[in-house]
Amino acid sequence: MYQKYSNVERVKPSGLELKDHLVGVNRVTKVTKGGRAFGFSAIVVVGDGNGVVGHGLGKSKDVASAIAKAIEDAKKNLIRIPILKQTLPHEQKGKFGGAKVFLKPASHGTGVIAGGAVRAVLESVGVHDVLSKSQGSSNAHNVVKATFDALLQLRSASMIAKERGISLEKVFNG
């Protein structure tokens with residue numbers, strides 16, 4: 001799922017205290033010769049509030065089992081995101097399908113200025129101060145994936161130093 005990102009650190013769910021956020025539940029219909037068959041699709045974001053987050057999709061005939069399946073799927077897709085003083089290290093844009101998300105670090109005390117699906121992802125990651133703008137599609141699935149696209153592109157100063165093969169001081173002092 002995260003093949004195009006070089007700096008992704010996958011995380012195992014064991015030993016983590018994960019909290020889940022239900023982003024959305026959709027009722028889906030399959031038309032058969034015997035009538036309509038109803039089912040549910042749920043998208044969930046799980047995170048430990050300390051830089052580890054994942055999202056998952058679950059489908060079932062009833063809501064509770066769709067949510068349970070989504071949580072299990074999310075636990076299989078956990079990744080670590082760099083966080084700097086309860087905000088993001090730098091501005092970043094993410095895109096998936098028709099959804100675009102812009103994330104900008106904010107000063108301490110600003111809070112999470114984000115709506116719906118973006119807020120669920122950022123709160124699960126453990127970001128407390130951030131500004132965001134969501135444009136284009138408001139489809140919850142695409143907005144969550146666009147937010148993940150932006151988060152996966154984030155790099156901390158230590159990551160940049162490691163990639164360049166120089167010391168951390170040299171990154172800041174040029």
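For the structure given in this document, a descriptive report is provided here. (Residues numbered from 1 in each chain as written. Predicted model: local features only at pLDDT ≥ 70, side-chain atom pairs only at ≥ 80, totals over all residues. Heavy atoms only, no water.)

## Here we look at the nonpolar core
Formed by 26 residues in total, the largest nonpolar core has its most connected members in Leu 103, Leu 122 and Leu 151. Sorting the residues of this core by element identifies β3 (35–47), β7 (99–105), α2 (116–125) and α3 (140–152) as the ones contributing at least two each. Those residues in contact with Leu 103 that lie beyond four places of it in its chain are Leu 88, His 90, Glu 91, Gln 92, Val 118, Leu 122, Leu 131, Ser 132, Ala 150 and Leu 151. Ranked by size, the runner-up nonpolar core spans 10 residues in total, among them Val 11, Ala 42, Val 44 and Ile 71. (Core = buried A, V, L, I, M, F, W, Y, C linked by side-chain atoms within 4.5 Å. Buried < 20%, exposed > 50% of the residue type's maximum accessible area, 1.4 Å probe, protein only. Helix = DSSP H or I, 4+ residues; strand = E, 2+ residues; numbered from the N terminus. Contact = heavy atoms within 4.5 Å.)

## Section: the sheet that holds β3
Strand order in the open sheet formed by five strands is β1-β5-β4-β3-β2, with antiparallel pairing between adjacent strands. Each of the sheet's edge strands pairs with one partner strand only, and the pair in question is β1 (9–10) and β2 (19–32). Strand direction decides the pairing type here: β2 and β3, joined by 13 bridges, are antiparallel. Across the sheet, residue Asp 20 finds its bridge partner in β3, namely Val 46. Here α3 sits on the sheet and contacts β2, β3, β4 (52–60) and β5 (79–80); the angle it forms with β4, its principal contact strand, is near 155°. (Pairing = 2+ DSSP bridges. Axes fitted to C-alpha atoms, helices over the stretch in contact; angles between N-to-C directions.)

## Side note on the sheet that holds strand β8 (residues 112–113)
On the basis of which strands lie adjacent, the open sheet formed by four strands has the order β6-β7-β9-β8 and mixed pairing. Two strands in the sheet have a free side with no partner beyond their single neighbour: β6 (92–96) and β8. As defined by bridge partners, β6 adjoins β7 across five bridges and the pair is classed as antiparallel. Paired with Gly 94 across the strands is Val 101, a residue of β7. Against the sheet, α3 makes contact with β6, β7 and β9 (130–136), and its axis sits at roughly 140° relative to β6, the strand it touches most.

## Digging into the packing of α2 against α3
The interhelical angle for the contact between α2 and α3, taken along N-to-C directions, is 40°, at an axis separation of 8 Å. The angle between α2 and α3 places the two elements in the oblique class. Note on packing geometry: the crossing formed by α2 with α3 is right-handed. Across the interface between the two elements, Ala 117, Val 118, Val 121, Leu 122 and Val 125 from α2 touch Ala 140, Val 143, Val 144, Thr 147, Phe 148 and Leu 151 from α3. Of the residues in the contact of α2 with α3, the class split is 10 nonpolar, one polar and no charged. (Parallel < 35°, antiparallel > 145°, perpendicular 65-115°, else oblique. Left-handed = near helix turned anticlockwise from the far one by under 90°. Nonpolar A, V, L, I, M, F, W, Y, C, P; charged D, E, K, R; others polar.)

## A few points about the side chain of Ser 124
Tracing the backbone through its elements, the reader meets Ser 124 in helix α2. On the basis of relative accessibility, which here comes to 2%, the residue Ser 124 falls in the buried class. Beyond its immediate sequence surroundings of up to four residues, Ser 124 is in contact with His 21, Val 45, Val 46, Gly 47, Asp 48, Gly 49, Val 52 and Val 53.

## Brief notes about unusual backbone geometry
Phi is positive for Lys 85, close to 50°, though the residue is something other than glycine. Of note, Lys 85 is situated in the loop between β5 and β6. In this structure, Gln 86 takes a positive phi of about 65° despite not being glycine. On the basis of relative accessible area, Gln 86 is assigned to the partly exposed category, the value being 37%.

## Concerning the pairing of β7
Where β6 folds back onto β7 in an antiparallel hairpin, the turn is made up of two residues, including Gly 97, whose phi is positive at roughly 60°. Here β7 pairs with β9 via seven bridges, running antiparallel. Following the sheet pairing, Val 101 is matched in β9 by Ser 134.

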